[in-house]
Amino acid sequence: MAQDPLFLVAAGAVLIVAIILMLGIGNFARSGNPKTSNKLMQWRIAAQFIAVLLILAFVLIRGKG
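The paragraphs below set out a description of the structure included in this document. (Residues numbered from 1 in each chain as written. Predicted model: local features only at pLDDT ≥ 70, side-chain atom pairs only at ≥ 80, totals over all residues. Heavy atoms only, no water.)

### Observations concerning helix H1 (residues 5–29)
Over its 25 residues, H1 extends 36 Å from the first C-alpha to the last, a length consistent with the 36 Å expected when each residue adds 1.5 Å. Along H1, the positions that sit buried rather than exposed are Leu6, Ala10, Ala13, Val17, Ile20, Gly24 and Asn27. Count one or two residues on from H1 and you reach Ser31, which has phi positive near 55 degrees. (Helix = DSSP H or I, 4+ residues; strand = E, 2+ residues; numbered from the N terminus. Expected span 1.5 Å × (residues − 1). Buried < 20%, exposed > 50% of the residue type's maximum accessible area, 1.4 Å probe, protein only.)

What follows is the structure in structure tokens.
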């Protein structure tokens, strides 16, 4: 499974979501610009949507075995 390109893309998308989340929380925690935190959370939602679609695609394509 770790050699499957679709799995690697989905895992990479999840990692990107986690990084965006940490950046947003970090900016919020150090009292950064609230607009920046809000923009990061908007990017997180979009990235999370893409990650969920990739995970669903992986399950649908590879789950028929």
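Picking up where we left off.
### With respect to the environment of Ile50
Its location among the elements puts Ile50 in helix H2 (residues 34–62). With a relative accessible area of 48%, Ile50 lands in the partly exposed category. Through-space distance from the C-alpha of Ile50 to that of Ala10 is 8.8 Å; in sequence the pair is 40 residues apart.

### A look at the pattern of salt bridges
One pass over the full model with this rule turns up one salt bridge. In this structure, Asp4 and Arg62 form a salt bridge, with 2.5 Å as the shortest nitrogen-oxygen distance. Of the two residues, Asp4 sits in the segment before H1 while Arg62 sits in helix H2, which places them 58 residues apart along the sequence. A relative accessible area of 13% places Asp4 in the buried class. The exposure class assigned to Arg62 is partly exposed, which follows from its relative accessible area of 44%. (Salt bridge = Lys/Arg side-chain N within 4 Å of Asp/Glu carboxyl O.)

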